[in-house]
Amino acid sequence: MTGRADAARPAAVVIGGGLAGITAALRLAEAGHRVTLAEGRPRLGGLAFSFQRGELTVDNGQHVYLRCCTAYRGLLERLGATRLVTLQDRLDVPVLSVSGSETAPVRTLGRLRRAGLPVPLHLAGSLARYPHLGPADRARVVRGALALQGLDLADPALDEISFGEWLRRNGQNANTLAALWDLVGVATLNARADQVSLALAAMVFKTGLLSDPGASDIGMAAVPLGTIHHDRALAELERAGVKVLLRARVAELKPAEPQHAVRLEGAEPIAAETVVLAGAQDSAAALLPPNAIADQERLADFGTAPILNVHVVYDRKVLRRPFFAALGSPVQWVFDRTAHSGLAGTELGRAHPGAQYLALSQSAVQDEIDLPVAELRRRYLPELARLLPAAAGAEVLDFFVTRERTATFDPAPGSAQLRPSARTNVPGLVLAGAWTATGWPATMEGAVRSGHAAADEALAATGTRLPVDRGDGRWPR
Ligand SMILES: Cc1cc2nc3c(=O)[nH]c(=O)nc-3n(C[C@H](O)[C@H](O)[C@H](O)COP(=O)(O)OP(=O)(O)OC[C@H]3O[C@@H](n4cnc5c(N)ncnc54)[C@H](O)[C@@H]3O)c2cc1C
């Protein structure tokens, strides 16, 4: 491309290099725009990233996706990263319950596993054998699932009540909430049933469990998140011609015709016809010009919810499965991180061959997110010993926590009304981010969908020919 031809291409600035910004930047570049992506941090990936703790590679938080996350899977494909992730052939979640004391725990292992049958029979066999619910409670779950299937996701009234209230109205009790609805819901929605909008919960359960039989098969990265969301993304963005600026915080956004001015901290403003604001709601509140979206002042009311990850390195193998969910314990979900982290190649790993690194993913932990490490250690190590017999006799080689206080938006009833669409009242300025109105909870899938929505909106406004959108959430070509 010559300098002249380059100058003739419309300019776009994407603010934020999370999954939403990466998606929007790639799409705009593919459509012929001259794209600059400005990310305030030293790396891409936003809330889904890795860092080094000495020789150990650590993810800030365990991330999983489902087969129904077609847009995220489309991004993985676009980044050439499909071989860097795993995806179950069939949903299979070990669910381990524990009761009794620390010295005499009683453990029961169940599984949520799908069969090769149509919905909803794909889960019927697993539910019939699920040891954490008695026969009457299993019948309650079936009743709840049938009622969920009848909900119209387009009905705005669903956002007015909590999932918990609706579940109780539809025959659910404390057991079914704990052993099923919250087991899945807390991890996917980052809120307990009583704190989450029915609209979002219904969307998650209908899409994940009651649409296609394979929809909820679980996928996760087989490498550190940063290998995909930073390394692969940076390579593909640069290959697509995107100028990626790291450690480049945008301090001000001045709307103007025909080009907006995007001022980076300590740098000259960048002029662009198109600006994609792909930070979270706090950066939108800080950078949006007045009256850019309806009810803009309400952005300040849009809360956030935390996720805590507790990381433990044992001197031996204490868990034989890649992951499990826990019941009857403050522990929620536990993942084996040994291979991802490169533990075996570290000095610690060489000194302790067979050492294992577990990460506990603890969602909606408003009351724990600020607890001191020593207290979290006192709380979680005995619980792991209660759940995993081998952990009781194992030495703990390392223990640390990662805290994401603003991991997701708060999905409380009423949150749907607070989520703006990609379009703003300012021509050429569009919004992206998992917090915008995607219909999805704050997830990697929601982030990528929002990036596509922002790119579609911007491209339509500039009259650029849109790549064919197949309507399946996958990467448009
Ligand atoms: C611990 C944890 C566990 C999670 N688990 C899962 C999971 O299992 N499955 C799942 O699907 N999702 C999970 N999520 C949620 C998922 O990570 C997020 O929803 C998604 O990554 C959000 O992407 P985003 O691009 O919308 O926003 P972000 O990731 O927040 O990216 C926004 C970027 O914009 C940058 N930025 C903001 N303001 C400026 C500015 N002024 N100038 C320059 N740059 C700026 C920020 O630095 C950031 O990098 C989890 C999140 C956390 C924290």
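The shown structure was predicted, so the numbers you read here are calculated from the model rather than taken from an experiment.

> So what exactly am I meant to see when it comes to the domain arrangement of the protein here?
Size of an interface, as often reported, equals the accessible area lost when the parts are brought together. When the domains of the protein are assigned, the result is domain 1 (2-48 + 224-301 + 413-462), domain 2 (117-214) and domain 3 (304-409). The C-alpha-based centres of domain 1 and domain 3 are spaced at 34 Å. Between domain 1 and domain 3, the contact holds 10 residues from the first and seven residues from the second. When the two sides are added together, the surface that domain 1 and domain 3 hide from each other amounts to roughly 600 Å², 67% of it contributed by carbon and sulfur. Contact with domain 3 buries area across many residues of domain 1, yet L47, P224 and A442 alone supply 63% of it, more than any other trio. Connecting domain 1 to domain 3 are zero salt bridges. Seen at the junction of domain 1 and domain 3, the total is zero residue pairs in polar contact (both at pLDDT 80 or more).

> Hey, could you run me through the sheet that holds strand β13 (residues 270-272) in this one?
Think of a sheet as strands paired side by side through backbone hydrogen bonds, with each pair either parallel or antiparallel. The sheet built from three strands is open, its strands ordered β11-β12-β13 with antiparallel pairing. Both outer strands of the open sheet, β11 (250-254) and β13, are each paired with one neighbouring strand and no more. Sheet twist, expressed as the mean angle between neighbouring strand axes with direction ignored, is 20 degrees.

> Quick question: what am I supposed to make of the pairing of strand β8 (residues 105-113) here?
Two faces belong to every sheet, and in a regular strand the side chains alternate between them. Alignment of strand β7 (residues 92-100) against β8, held across nine bridges, turns out to be antiparallel. By the bridge assignment for β8, P94 is matched with R111. The antiparallel hairpin formed by β7 and β8 contains four residues in its connecting segment.

> It is not clear to me how the pattern of salt bridges should be interpreted in this structure. Could you clarify?
Should the charged atoms of two oppositely charged side chains come close, the side chains can pair. Across all of its chains, the model carries 23 salt bridges by this definition. Here R168 ties to D194 by a salt bridge, and the two come within 2.5 Å at their closest N and O atoms. Highlighted residues: R168 in helix α6 (residues 163-169) and D194 in the loop between α7 (174-189) and α8 (198-209), separated in sequence by 26 residues. Judged by relative accessible area, R168 falls into the partly exposed class, the value being 44%. For E445, the salt bridge identified is with R449, shortest N-O distance 2.6 Å. In this pair, E445 and R449 are both assigned in helix α16 (residues 444-461), four residues apart and thus about one turn of the helix distant. Relative accessible area serves as the criterion here: at 1%, E445 is assigned to the buried category. Judged by relative accessible area, R449 falls into the partly exposed class, the value being 27%.

Criteria and cut-off values
Residues take numbers from 1 onward in each chain, read along the sequence in its written order. Only residues with pLDDT of at least 70 get local features here, since the model is predicted, and only at 80 or more are side-chain atom pairs given and counted; chain-wide, interface and lining totals rely on the full set of residues. To get the side-chain values, all heavy atoms of the structure are used, and hydrogens and water are removed first. A domain assignment, automatic or from a database, supplies the domain bounds used here. Two residues form a contact once any of their heavy atoms are found within 4.5 Å. Once two parts are joined, some of their accessible surface, as seen by a 1.4 Å probe, is lost; buried area is that loss totalled over both. Just to be clear on terms, a salt bridge is a Lys or Arg side-chain nitrogen sitting within 4 Å of an Asp or Glu carboxyl oxygen. Whenever a nitrogen or oxygen atom comes within 3.5 Å of another N or O atom, the pair is scored as a polar contact, on the condition that within protein one atom can donate a hydrogen and the other can accept it, and that pairs from neighbouring residues in sequence are kept only if both atoms are in side chains. At least two bridges found by DSSP between two strands is the condition for calling them paired. Helical segments are the DSSP runs of H or I of at least four residues, strand segments are the runs of E of at least two, and each set is numbered from the N terminus. An axis is simply a line fitted to the C-alpha atoms; with a helix, the fit covers only the stretch in contact. Between two such axes, the angle follows the N-to-C directions and lies from 0 to 180 degrees. Type-normalised accessible area, obtained with a 1.4 Å probe on protein chains alone, sets the label of each residue: buried when under 20%, exposed when over 50%, and partly exposed for intermediate values.

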